[in-house]
Amino acid sequence: MPDLLLELFSEEIPARMQRRAAEDLKKLVTDALVERGFLYEGAKAFATPRRLALHIAGLPVKGQDVREERKGPRVGSPDAAIQGFLKGAGLSSIEQARIESDPKKGEFYVAVIEKPGRSTPDVLAEILPAIIKTFPWPKSMRWGAASREPGSLRWVRPLHSIVCTFGPETEDPEVVRFNVDGIASGDVTKGHRFLAPGEIRVKRFDDYAPALERAKVVIDTDRRKDMILHDARDLAFAQGLELVEDEGLLEEVAGLVEWPVVLMGSFDEAFLDIPPEVIRTTIRANQKCFVLRDPGTGRLANKFILVSNLVASDGGRTIVAGNERVVRARLSDAKFFWETDQKVKLEDRLEKLKSIVFHEKLGTQYERVERIAALAKELAPIVGADPALAERAARLAKADLVTEMVGEFPELQGLMGRYYATLQGEHASVAAAIEEHYKPLGPSDRVPTDPVSVAVALADKIDTLVGFWAIDEKPTGSKDPYALRRAALGVIRLLLENKKNLQLRSVIYNALQKLEAIFVVDPKSLEAAQAKLAEIDDPAEKPDLSYFKTQDLLEFFADRLKVALRDQGARHDLIDAVLSLSGSSDLLMIVRRVEALGRFLDTEDGRNLLAGYRRAANILRIEEKKDGRSYGEAPDLEIVNAQGQIEEKALVVALDGAKREAAAAVEAEDFEGAMRALSRLRQPVDAFFDKVTVNAEDPALRANRLRLLNSIREATRTVADFSRIEG
């Protein structure tokens, strides 16, 4: 079957946009074809710095013929109905329709509409200009004299040419003719800008890719990456060194070259006195180069790998020398920053934080540091940290923001603080916490384990969340400009992975009370809060706005916890079953309860008790609806003793013991023990339903047995809301 080749040739496309643009091109074109009934065998998109290309294999030559029978009005209908039918069916006279009979409806007209399938080139010529004109670049531009005209083409960089051919392997393909803002489609492209700048006439993808490679262009990004990585490793190995691999940099560099040539440069060994992270960041950020290390010591070597887009006549010596000059200058700057920063202690930099605004409604970084230090000191005993060390670490944690090094390389914040703290003799845990208090930054980031780091990291994230909740700047939909979801997940991971119990409710409430002066409350939220306050008669028990904001933030944590647990494979219904009843804000305790409930329900006792609960709940729901009342009171033991069967007497005793034992176990955070207590209900519940008729003829006995069913429901609620459990 025929293939489509499409190439959009332009000036340099930013490396960060290329892969996404290639996928967008494939999706937009294939979706448009499928929408019109054109199916295909396979599609693949490609990107280089100067082109996007798309190959679609196995397209039909034309679309399918369409035959449609359209039912019209009855014979003898008014002329207006006949004319409307003719117009809708595309007929010139009623004689072109046939007449069919129906035993009930009589005779009526039927139009047979036959449309031949459109040729694929015609369809492509229709859809491709629109896709090109509306291509979803993150940023785009207009250029030239035509840029001032309404509707002129916007593209990431000036678009020079379009290749579009279609046809079978056995024949010369045809050029799909269309025009986009004065650029006519054709079958001519160009090779490498410097190594093979001449025009290349192409037919189909099978000769397009080899022709470009002969013209020093590798169109597949992943292949360019493999070439760079393989050659870089070989060059390093030849020098007895090891490449420090960097997937993000590799992706970027592969988007900067069409014909990768890997070279090695060096710098003065004296620069190795600078922290290795600074060397790597300097070389990576400024020159897009890879660093090397000694595999024996793990220390950085004074050499680096660069990737050129040229095969130079001098073997690359001039290119290497140019890069070495720039690297030398950048490392000289870094060395100056490193040495200058060491002359000022971190605590002496705190005054400068007063001039850095964290948020216009939340004050300066200095004010925030004061809050974080107080909170870290409060949290320290709970997570097993020394309060004085936690306070000290929190107070110094943001000081490196005003260093020369972090001013040049913001991505080194925290890390440089650790270096400077170590050099000025701070406690090792304080230095570690300065670096680690930002962690975890994402799902794959490491979670700190040093108690001081845990205390400061928790304080930093909780202060962020509490602050933005105080000013009503919460995430909405997909928008989360202050990364509050990430902060909440960070708190969750810090507590769960370090197995730390923390009642978030009191921590959040106390922190919010200190920020009451800056509260911003959404009118709807305020109205709801005031309505709840009005329901409380006792002034001593009336919660304040901090209480309602605390509740709202805890619900946000509950949602994030659900996401985290679901990602780990936990059942969403078990999470809901525990969260709906648990008054605790201790996330570790909630997770342990969910885990214990899951293990319990995997046992035969658990499954049978769940079945018994459902049977009791269903009967109760039906009877309460029928009677127009609830049966929430405790069973009357006199009725049980006087009229009850042995099975219901046994169930009363079992329920009383199981409920007390499960409640005590939950209080002691022994959730396995709570499940064991409930498991003892399985046999008496089974026996009760097997032998006892709930809807007894005696109204008092019936009501008492319904109360007993409610007791089964209440006993299970000591550990979870079984009504939320599915399956």
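What you see is a predicted model, and the numbers here were worked out from it, not measured in a lab.

## Digging into the overall build of the protein
So, point 1. Helix and strand content of the protein: 26 helices and 18 strands.
So, point 2. Over its C-alpha trace the protein gives a radius of gyration of 36 Å, far above what one expects of a compact globule, namely 27 Å for 727 residues.
So, point 3. For the protein, the residues scored as buried account for 49% of the 727 residues in total.
So, point 4. Sequence-distant contacts in the protein: of pairs separated by 6 or more residues, those separated by 24 or more amount to 70%.
So, point 5. Just so you have it, the protein exposes about 35700 Å², and 50% of that area is on carbon and sulfur atoms.
So, point 6. Across the protein, the mean location of the 105 positive side-chain charges is 2 Å away from that of the 117 negative side-chain charges.

## Side note on the UniProt feature "domain: DALR anticodon binding" (unreviewed entry) in the protein
So, point 1. Cross-referencing UniProt, the feature "domain: DALR anticodon binding" (unreviewed entry) maps to residues 611–714 in the present numbering.
So, point 2. Overall, residues 611–714 shows 78% helix and 0% strand. The separation of its end C-alpha atoms is 15 Å.

## Looking at helix 1 (residues 15–35)
So, point 1. In this model, helix 1 (21 residues) spans 31 Å end to end at C-alpha, consistent with the 30 Å of a helix rising 1.5 Å per residue.
So, point 2. What helix 1 keeps buried is the set Ala 15, Met 17, Gln 18, Ala 21, Ala 22, Asp 24, Leu 25, Val 29, Thr 30, Ala 32 and Leu 33.
So, point 3. Lining the buried residues of helix 1 we find strand 1 (3–10), strand 2 (42–48), strand 3 (51–57), helix 3 (120–133), helix 5 (221–238) and helix 6 (247–254).
So, point 4. Taken from the residues just after helix 1, Gly 37 is the one with a positive phi, measuring 85°.

## Re the packing of helix 23 (residues 646–667) against helix 26 (residues 699–716)
So, point 1. Interaxial distance between helix 23 and helix 26 falls to 10 Å at its minimum, and their mutual angle equals 30°. Taken as axis vectors, helix 23 and helix 26 run roughly parallel relative to one another. Crossing handedness for the pair helix 23 and helix 26: left-handed. Along the contact surface, helix 23 presents Glu 648, Leu 651, Val 652, Leu 655 and Lys 659, while helix 26 presents Leu 701, Arg 705, Leu 708, Ser 711, Ile 712, Glu 714 and Ala 715.
So, point 2. When grouped by side-chain class, the residues that make up the contact of helix 23 with helix 26 number seven nonpolar, one polar and four charged.

## A short note on the sheet that holds strand 13 (residues 242–243)
So, point 1. Read across the sheet, four strands follow the order 13-15-16-14 without closing on themselves; strand pairing throughout is antiparallel. A strand with exactly one partner marks an edge of an open sheet, and here the two such strands are strand 13 and strand 14 (261–266).
So, point 2. Pairing of strand 14 with strand 16 (residues 300–308), which is carried by six bridges, proceeds in the antiparallel orientation. Pairing of Val 262 across the sheet is with Val 307, part of strand 16.
So, point 3. Sheet strands in contact with helix 5 are strand 13, strand 14, strand 15 (290–293) and strand 16, and its direction is about 35° off that of strand 14.

## So, the side chain of Thr 281
So, point 1. By secondary structure assignment, the location of Thr 281 is in helix 7 (residues 276–287).
So, point 2. A polar side-chain atom of Thr 281 sits 2.7 Å from the main-chain carbonyl oxygen of Glu 277.

## A closer look at the pattern of salt bridges
So, point 1. Tallied over the entire structure, the rule returns 60 salt bridges.
So, point 2. Between Asp 31 and Lys 27 there is a salt bridge, with the nearest N and O atoms lying 2.7 Å from each other. Remark: Lys 27 and Asp 31 occur in helix 1; sequence separation between them is four residues, near one turn of the helix.
So, point 3. Arg 571 is the partner of Asp 573 in a salt bridge, and the nearest nitrogen-oxygen pair spans 2.6 Å.
So, point 4. Each member of the salt-bridge network shares a partner with another, and the members are Arg 19, Asp 222, Lys 225, Glu 247 and Glu 251.

## Quick notes on the domain arrangement of the protein
So, point 1. The domains assigned to the protein are domain 1 (3–61 + 119–214), domain 2 (66–115), domain 3 (221–341), domain 4 (346–523) and domain 5 (593–724).
So, point 2. Centre-to-centre separation of domain 2 and domain 5, based on C-alpha positions: 68 Å.

## Quick word on the nonpolar core
So, point 1. Residues Leu 465, Phe 557, Leu 597 and Phe 722 are the most contacted members of the largest nonpolar core, which totals 140 residues.
So, point 2. The element best represented in this core is helix 14 (residues 451–470), accounting for 13 residues.
So, point 3. Sequence-distant contacts of Phe 722, defined by excluding residues within four places in its chain, comprise Leu 597, Phe 600, Leu 610, Tyr 613, Leu 678 and Thr 716.
So, point 4. Judged by nonpolar contacts, the second largest core, of 37 residues, contains Leu 8, Ala 21, Ala 45 and Leu 59.

## Quick notes on the environment of Asp 122
So, point 1. When you line up the elements, Asp 122 lands in helix 3.
So, point 2. For Asp 122, a relative accessible area of 47% gives the class partly exposed.
So, point 3. Taking C-alpha positions, Asp 122 is 7.7 Å from Val 176, a pair spaced 54 residues apart along the chain.
So, point 4. Of the polar contacts made by the side chain of Asp 122, one reaches the side chain of Ser 119; its length is 2.9 Å.

## Digging into the packing of helix 18 (residues 545–567) against helix 20 (residues 587–601)
So, point 1. Packing of helix 18 against helix 20 leaves a shortest axis separation of 12 Å and a crossing angle of 45°. For the element pair helix 18 / helix 20, the angle class is oblique. Judged by the twist between their axes, the crossing of helix 18 over helix 20 is right-handed. Contacts between helix 18 and helix 20 involve Phe 557, Leu 561 and Leu 565 on the former and, on the latter, Leu 587, Ile 590 and Val 591.

## Considering unusual backbone geometry
So, point 1. In this structure, the amide linkage connecting Lys 439 to the following residue, Pro 440, adopts the cis form with an omega of -10°.
So, point 2. Take Pro 440: it is sitting in the loop between helix 13 (428–436) and helix 14.
So, point 3. Unusually for a residue other than glycine, Asp 181 sits at a positive phi of about 55°.
So, point 4. For Asp 181, the location among the structural elements is in the loop between strand 9 (179–180) and strand 10 (183–186).

Calculation criteria
- Residues numbered from 1 in each chain as written.
- Predicted model: local features only at pLDDT ≥ 70, side-chain atom pairs only at ≥ 80, totals over all residues.
- Heavy atoms only, no water.
- Helix = DSSP H or I, 4+ residues; strand = E, 2+ residues; numbered from the N terminus.
- Rg over C-alpha atoms; globule rule 2.2 N^0.38 Å.
- Buried < 20%, exposed > 50% of the residue type's maximum accessible area, 1.4 Å probe, protein only.
- Contact = heavy atoms within 4.5 Å.
- Areas by Shrake-Rupley, 256 points an atom, 1.4 Å probe, with all protein chains shown as cover.
- Lys, Arg positive; Asp, Glu negative; His and termini not counted.
- Charge placed at Lys NZ, Arg CZ, Asp CG, Glu CD.
- UniProt positions renumbered as here; feature names shortened; annotations may be inferred.
- Expected span 1.5 Å × (residues − 1).
- Axes fitted to C-alpha atoms, helices over the stretch in contact; angles between N-to-C directions.
- Parallel < 35°, antiparallel > 145°, perpendicular 65-115°, else oblique.
- Left-handed = near helix turned anticlockwise from the far one by under 90°.
- Nonpolar A, V, L, I, M, F, W, Y, C, P; charged D, E, K, R; others polar.
- Pairing = 2+ DSSP bridges.
- Polar contact = N/O pair within 3.5 Å; in protein donor to acceptor, adjacent residues only side chain to side chain.
- Salt bridge = Lys/Arg side-chain N within 4 Å of Asp/Glu carboxyl O.
- Domains from an automatic or database assignment.
- Core = buried A, V, L, I, M, F, W, Y, C linked by side-chain atoms within 4.5 Å.

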